[in-house]
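# Coordinates in review
Listed here are the chains, written in short residue letters.
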Amino acid sequence: MESSSEHSCYAGASATELLERIVREGATDTAINILDLDAIVHNVRRWTEAAPDLVPFYLPSANNHPAVLALLGKLGVGFSCASIGEMRSVLRFGVPPERIILAHPAKSPETILYARQEGIRRIVCDSVQEIGKVHRLYPTAQIVLRVRVCVEQKFGCCPDNDLPEILRYVQSLEPFHIAGVHFAMPQERLQPGQTLRQVLFTAERTMAQVTASGQCDVREFILSGTGKLPSSQLQKVLSEFSLKSNVQVIVETERQFVQSAVTLVTSIQSKRVVRETEPSGPIREIMYFINDGRYGSFEWWWNALDMPPPVVHRSVGTVSPTPTHPSSLWGPSCDSADMVCERLYLPDLEIGDFLVFPDMGAYGVTLASCFNGFPIPRTVVCACSEATKALLQDMS
C-alpha cells in the first residue's frame, strides 16, 4: 500500500521533540511514524562520502512516502522502479528520466509504453522473450541485462546457458544493444563480502562476453542486494576488480537511507495477564495488544531478536523499570498469527502506555494493509537542520 498522504510536517522540530509531544498528548487508536528527514540527509551523505565512485539508485518499494522521494530526488539520488506507479511517483517530483531505471525484468506492455512515453530508456530484461517485447514496443530503449548468480534466484539469465542465445538475438536487432548488466547478490548467503567477489567475477566474465559478441562497450554495472555491506566496503572490493574506467557502477539502495529515519510510536490498547494458577498464582506471561502489527509496520520477516527493544513511555508519571515480567506483543487484528514479539521482558505496563520502536523506516508502510479495518500508521515528518529545511523549501 502506498504510504498515507495524511501527514504533518514539523520543520524546526527534532524527532526527539516530536516524540515527547506525541507522548504528552496521550495515546490514540492509530500508531504514528515519525519520519526524520535529517536522518535521510545524513545517511545519503555518509554513504556517498564513503563511496564517491558509486552511484546510488533508491528502490521506492522500501519507503515511498512523498517526502522521502522528493528529498532523495533533491539529493541527486537515482531511482530503480518496478511499475508505472513507482515511475509516476518519482517523476512527479521532477526527477529527470535519465535518473530512473525500469528495473523489473518481467513487465507488462503497458509499463514499457509508459516508460517510452516518459523517456525512461534504461530497461532491465533477462530473456530473449522480454528483450523482443521491449524492442517491439520501445525500439530506442537501452537494455540492461539481468544475470543470475545462482539457480535459486527468481530473476536473471544463466550466464552459461542463456547468455549466448541472448547475445545472438540482440545482434539480429541492430542497432539495439545491451547498455549494461545487472546483478543481485543472493540474500541467503552468510558471507556477503565473499558473495560480492563471486558476483563481480561473474560480472567481469559477462561483460567480456557481451563486448566480444560485437556489442558496444557495456557502460553500466548495476548491483543490488548489498544492504548488509557498508558503502566503504563495497568501494574497496570493487576496486580489486578490473572494471573499465568508463563503466558506471550503480548500487541499488533499500534500507540504507531510510531504515534509521523512522521511529514507530505505538500504544497499548489492551492487555491480558496469564497466571500459572488462577487467580493469584505467579505471572506466567503478560500479553500486550498494541495498535500496529504484522499487517502494518511489522513486515512478516521482521524479527524482534534482530532489532533494538522497544522503549517504554508514559504520558503522566513514570514507569518503574522493575520488576519485569515475561511478555508478548500482539497486533490489533483477529488473526492469531498477528504476533509482533513472542517473548521479551517488560515492566508492568498500563493501557495507554507507549512502546516506541526505532529503525522502522523500511518496508513497513509500503507492505501494510488495512486488514480487519485497522488503519496503517499516520506519518508525521520532522526536520531540524538548516540544510534539510532549505531542501524542504525547494521541494514546496
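All of these numbers come straight from a predicted model, not from anything done at the bench. (Residues numbered from 1 in each chain as written. Predicted model: local features only at pLDDT ≥ 70, side-chain atom pairs only at ≥ 80, totals over all residues. Heavy atoms only, no water.)

Attention now moves to the overall build of the protein. A count of helical and extended segments in the protein gives 12 helices and 17 strands. For the protein, whose C-alpha radius of gyration is 24 Å, the value lies close to the compact-globule estimate of 21 Å for 396 residues. Referenced to the eigenvectors of the C-alpha coordinate spread, the extents of the protein come out at roughly 80 × 50 × 40 Å. Residues counted as buried form 52% of the 396 residues belonging to the protein. Across the protein, the fraction of contacts at a sequence separation of at least 24, relative to all contacts at a separation of at least 6, is 70%. Accessible surface, the protein as shown: approximately 18000 Å² in total, 52% of it carbon and sulfur. The distance from the centre of the 35 positive side-chain charges to the centre of the 43 negative ones in the protein is 4 Å. (Helix = DSSP H or I, 4+ residues; strand = E, 2+ residues; numbered from the N terminus. Rg over C-alpha atoms; globule rule 2.2 N^0.38 Å. Buried < 20%, exposed > 50% of the residue type's maximum accessible area, 1.4 Å probe, protein only. Contact = heavy atoms within 4.5 Å. Areas by Shrake-Rupley, 256 points an atom, 1.4 Å probe, with all protein chains shown as cover. Lys, Arg positive; Asp, Glu negative; His and termini not counted. Charge placed at Lys NZ, Arg CZ, Asp CG, Glu CD.)

With that settled, the discussion passes to helix 4 (residues 84-91). If you check which residues of helix 4 are buried, you get Glu86, Met87, Ser89, Val90 and Leu91. Looking at the buried side of helix 4, the elements it contacts are helix 3 (66-74), strand 4 (78-81), strand 5 (100-102) and helix 5 (109-118).

Here we take up unusual backbone geometry. With an omega of 10 degrees, the peptide bond between Glu174 and Pro175 qualifies as cis. Secondary-structure assignment places Pro175 in the loop between helix 7 (163-171) and strand 8 (178-184). The omega torsion across Thr322 and Pro323 is 0 degrees, close enough to zero to call that bond cis. As for its position among the elements, Pro323 is in the loop between strand 13 (311-313) and strand 14 (324-330). Residue Asp359 is not a glycine yet carries a positive backbone phi of 60 degrees. Looking at the element boundaries, Asp359 is found in the loop between strand 16 (354-357) and helix 11 (364-367). Non-glycine residue Tyr363 carries a positive phi angle of around 75 degrees.

Time to look at helix 12 (residues 386-395). All of the buried residues in helix 12 are Thr388, Leu391 and Leu392. Each buried residue of helix 12 lies within a common arc of 105 degrees when the element is viewed along its axis, so the set occupies one face. Of the residues in helix 12, the exposed ones pointing more than 90 degrees away from the buried face are Glu386, Gln393 and Asp394. (Arc of directions from axis to C-beta.)

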